Amino acid sequence: MIENIKTALSAVWSNKVRSILNVLGVVIGVSSVTILISLGEGLKNDVSSLIGDFGTNLVFVTGGKIDTSKGAANNTNPANFISGDVLSIKDTETIDALPEIKAVSPSSIVSGTLKYEDKTSSSTIMGTYPNMLDALNILAIDKGQLFTSKNAGDVIVLGKSATDALFGDTNPIGKKVLLGQREMEVIGTIKAKKSNSVFGSEFDAMSLVPFDTATTINKGQVKVFRIFATTNKPEDIEPAKKDIKAGLIANHNGEEDFSVLTQDDMLGLFNSFLNLATTMVSAIAAISLLVGGIGIMNIMLVTVTERTKEIGLRKAVGATKVAILTQFLVEAIVVTFLGALIGLAIAFVADMVIINQTELTPTITPGIILLSVAISIGIGIIFGLWPAARAANKDPIEALRYE
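Residues numbered from 1 in each chain as written. Predicted model: local features only at pLDDT ≥ 70, side-chain atom pairs only at ≥ 80, totals over all residues. Heavy atoms only, no water.

Student: Go over the overall build of the chain with me, naming the residues and quoting the values.
Tutor: A tally of regular secondary structure across the chain gives 14 helices and twelve strands. Expressed as a percentage of its 403 residues, the buried residues of the chain come to 46%. Across the chain, contacts joining residues at least 24 apart in sequence account for 80% of those joining residues at least 6 apart. Element-wise, carbon and sulfur atoms account for 60% of the exposed surface of the chain, whose accessible area totals about 19,800 Å². (Helix = DSSP H or I, 4+ residues; strand = E, 2+ residues; numbered from the N terminus. Buried < 20%, exposed > 50% of the residue type's maximum accessible area, 1.4 Å probe, protein only. Contact = heavy atoms within 4.5 Å. Areas by Shrake-Rupley, 256 points an atom, 1.4 Å probe, with all protein chains shown as cover.)

This is how it looks when you write it as structure tokens:
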């Protein structure tokens, strides 16, 4: 076997241009698949980190039925996921009355741009209750304070991105900002509990106003987009989920047009989606591996033809069909293995560039490396088998006569 590998490496070295063209498809395929899978792994790690920061006792209620059981049919109306008409204040009160619940807050969305003097910020403005930070403990106050009631008036707690955009290093507490034509007093700023996540900026962009103020800005329409709640203890999470579902079904006249999600539910949903997306894009990128395999097969067929006389000589001195087949099959595997190594090196460099230039954190695991190498070797075996078989089956007398 070692001699076969040496012969294969010698053949690769003596035909450098052909070898480069031979491995090009494998290099592109392996690097593409590795980069895409590593990006998927990185996003899964980011999501796990983010959802982990929510805490194990978070319950998240949204409009729209999401069935988290595997293989279950989901016939919900997708519009319910972004509707502010499915959930209500009564639902919030029902959840708050449960013995397992420590804190609960509805949230509404206010459209508009924040302005201060000649500066603007496109912040995500949420109307909430004062205990929002207890219900969603990924957030914390940096300066000032949170409003003390849901009808505290025209006050606002700015997120980090809005604070930076409007005030820079200046203390914004006590300043007035415009939300549309409405003047809002800044009483606090939010410090997001930053994690190494691409999603961290979403929480930096979040600013809070009292829920009743948000309702007034929304022309008196009470819109509850999400309800956040925390239980007293992590072990209360499943009983609370069950009781919340039962209470809200009663509020909704027996219709389950909402979803009650825990940390595990959200993590499972995100991971399922990311796994599916990663598989789809990786399958598309893997087409280049097939193209590379076909290219290797074509080149190997040419190589077999060019080395017909060598094959005849080897057979004349006693080489068996198995020995000839093994020689050419090993050569095909060596070519694809080298392509895999070059592709992995390119993927490592590309991932480092992505990490340094973006907020994405692709992760190349040992499993990804083994998968890439295994696929490339498999390509070498599959597409090298026919040329190797043709070489092994050549008639030695005819081969010696070949010019």
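Alright, that's what it looks like, and here's the rest.
Student: I'd love a proper account of the packing of helix α3 (residues 89-96) against helix α8 (residues 237-251), names of residues and values included.
Tutor: Between α3 and α8, the shortest axis-to-axis distance is 10 Å and the interhelical angle comes to 145°. Crossing hand, α3 versus α8: right-handed. Mapping the contact onto sequence places Lys90, Asp91, Thr94 and Ile95 in α3 and Ile244, Gly247, Leu248 and Asn251 in α8. Residue classes in the contact of α3 with α8 are distributed as three nonpolar, three polar and two charged. (Axes fitted to C-alpha atoms, helices over the stretch in contact; angles between N-to-C directions. Left-handed = near helix turned anticlockwise from the far one by under 90°. Nonpolar A, V, L, I, M, F, W, Y, C, P; charged D, E, K, R; others polar.)

Student: Before we move on, could you go through the packing of aromatic side chains and cite the residues and values that matter?
Tutor: Within the structure shown, the criterion is met by three aromatic pairs. A ring pair is formed by Tyr116 and Phe167, whose centres lie 4.4 Å apart and whose planes are at 40°; its orientation type is tilted. Remark: Phe167 occurs in helix α5 (residues 160-167) and Tyr116 occurs in strand β3 (residues 114-116); sequence separation between them is 51 residues. Taken individually, Tyr116 and Phe167 each receive the classification buried, so the pair is uniform in this respect. Judged by centre distance (5.7 Å) and plane angle (85°), the ring pair of Tyr129 and Phe211 falls under edge-to-face. One end of the pair, Tyr129, is in the loop between β5 (124-128) and α4 (132-135); the other, Phe211, is in helix α7 (residues 211-217), with 82 residues separating them in the sequence. Across the pair, Phe211 and Tyr129 agree in class, each one buried. (Phe/Tyr/Trp six-rings, centres within 6.5 Å; stacked < 30°, edge-to-face > 60°.)

Student: For the pairing of strand β8 (residues 176-179), give the residues involved together with the corresponding values.
Tutor: Residue alternation in β8 divides its side chains into a buried set, Val177 and Leu179, and an unburied set, Lys176 and Leu178. Two strands pair when backbone bridges link them, and β3 and β8 are joined in this way by two bridges, in the antiparallel orientation. Within the sheet, the bridge partner assigned to Leu114 lies in β8 and is Leu179. (Pairing = 2+ DSSP bridges.)

Student: Explain the environment of Ala374 to me, and be specific about the residues and the numbers.
Tutor: Its location among the elements puts Ala374 in helix α13 (residues 366-392). The spacing of Ala374 and Ala340 is 34 residues in sequence and 9.1 Å in space, taken between C-alpha atoms.

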